[in-house]
Amino acid sequence: MSEPRPARVVALWCPDWPAIAAAAAADLPPTAPVAVISSNRVVACSAPARAAGVRRGLRRREAQARCPDLYVAQDDPGRDARLFEPVAAAIDATAPGVEVLRPGLVVLAARGVVRWFGSEEAAAERLIDEVAATGVECQVGIADELFTAVLAARHARLVPPGGDEEFLAPLSISEICLEPSLAAPERVDLVDLLKRLGLRTIGA
């Protein structure tokens, strides 16, 4: 008797959502370099800001020194959630049963949406198109487990059934603490310890 196949998970990730939301709230163009600050440090930034050398963790003054045109916004979870509502609604209209892990990241069971659109590839393309219609870019990941699906979305990968371990193995150990909705703050200290022990990848 064969083992039942695990329920697949779809994750949909909108990169740099706090920075995208801050730019939208300020009516800035997509080309504007934007950084979101909390406790005087950058917690999110847009692609144009990264191109100018801005990185998460930088102090506000250092970020502004690297990018004099930088628009700085305070961290505002309420703003992020409010502006994400139309995006979440568009996804839910296409694939009911969406769970918002945080503004900018949603997950849902793959079974229904895949059955409706015929394949995982077709479902991913349709979800990306629905989000794009709201004026937002996103990436989709699909995998057997929630954590793997979220990391797969960051890499825009559809992991084949049974392939979670193979996908995760070569990734940097730092990726286990990238997603705040799935990682406790103390996991950063764990990653630092593992690196000092010589473990550089998730597989290791």
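Residues numbered from 1 in each chain as written. Predicted model: local features only at pLDDT ≥ 70, side-chain atom pairs only at ≥ 80, totals over all residues. Heavy atoms only, no water.

Peer 1: Is there a simple way to think about the overall build of the protein chain in this case?
Peer 2: Regarding its fold elements, the protein chain presents 9 helices and 7 strands. Relative to a compact globule of 204 residues, whose C-alpha radius of gyration would be 17 Å, the protein chain shows 18 Å and is just as compact. Overall, the protein chain is about 65 × 45 × 25 Å in size when its C-alpha atoms are taken along their principal axes. Residues counted as buried form 42% of the 204 residues belonging to the protein chain. Expressed as a percentage of contacts within the protein chain between residues at least 6 apart in sequence, the contacts between residues at least 24 apart total 54%. Each charge sign in the protein chain was given a centre, from 22 positive and 27 negative side chains, and these centres are 7 Å apart. (Helix = DSSP H or I, 4+ residues; strand = E, 2+ residues; numbered from the N terminus. Rg over C-alpha atoms; globule rule 2.2 N^0.38 Å. Buried < 20%, exposed > 50% of the residue type's maximum accessible area, 1.4 Å probe, protein only. Contact = heavy atoms within 4.5 Å. Lys, Arg positive; Asp, Glu negative; His and termini not counted. Charge placed at Lys NZ, Arg CZ, Asp CG, Glu CD.)

Peer 1: Please explain helix α7 (residues 146-154) as it appears in this structure.
Peer 2: Think of an α-helix as 3.6 residues a turn; residues three or four steps apart then line up on the same face. Burial within α7 is extensive, with 7 of its 9 residues counted as buried. Structurally, α7 contributes buried residues whose contacts are with β1 (9-13), β5 (99-102), β6 (105-109), β7 (139-143) and α8 (164-168). Two residues or fewer past α7, Ala156 is found with a positive phi of approximately 55°.

Peer 1: Hey, could you run me through the sheet that holds β5 in this one?
Peer 2: Spatial strand order, β5-β6-β1-β7: 4 strands in an open sheet with antiparallel pairing. Unpaired on one side and paired on the other, β5 and β7 mark the two borders of the sheet. In this sheet, adjacent strand axes meet at a mean angle of 25° when their direction is disregarded. In terms of strand pairing, β1 meets β7 through 5 bridges, oriented antiparallel. Along β7, the bridge assignment pairs Leu12 with Val140. (Pairing = 2+ DSSP bridges. Axes fitted to C-alpha atoms, helices over the stretch in contact; angles between N-to-C directions.)

Peer 1: Whenever I open this one, the pairing of β5 confuses me. Can you help?
Peer 2: Here is the key point about a regular strand: its side chains alternate between the two faces of the sheet. Both β5 and β6 contribute to a ladder of 3 bridges, which runs antiparallel. Looking across to β6, one finds that Glu99 is bridged to Val107. Between β5 and β6, which pair antiparallel one after the other, the connecting turn spans 2 residues, and Gly104 there sits at a positive phi close to 100°.

Peer 1: Could you clarify how one ought to interpret the state of the cysteines in this entry?
Peer 2: Disulfides are covalent bonds that connect the sulfur atoms of two cysteines. Tallying each qualifying case throughout the model produces 0 disulfides. The thiol of Cys45 is not disulfide-bonded; the next cysteine sulfur, from Cys67, is found 9.7 Å away. Taking relative accessible area as the criterion, Cys45 reaches 3% and is therefore assigned buried. (Disulfide = S-S within 2.5 Å.)

By themselves these figures say nothing about function.
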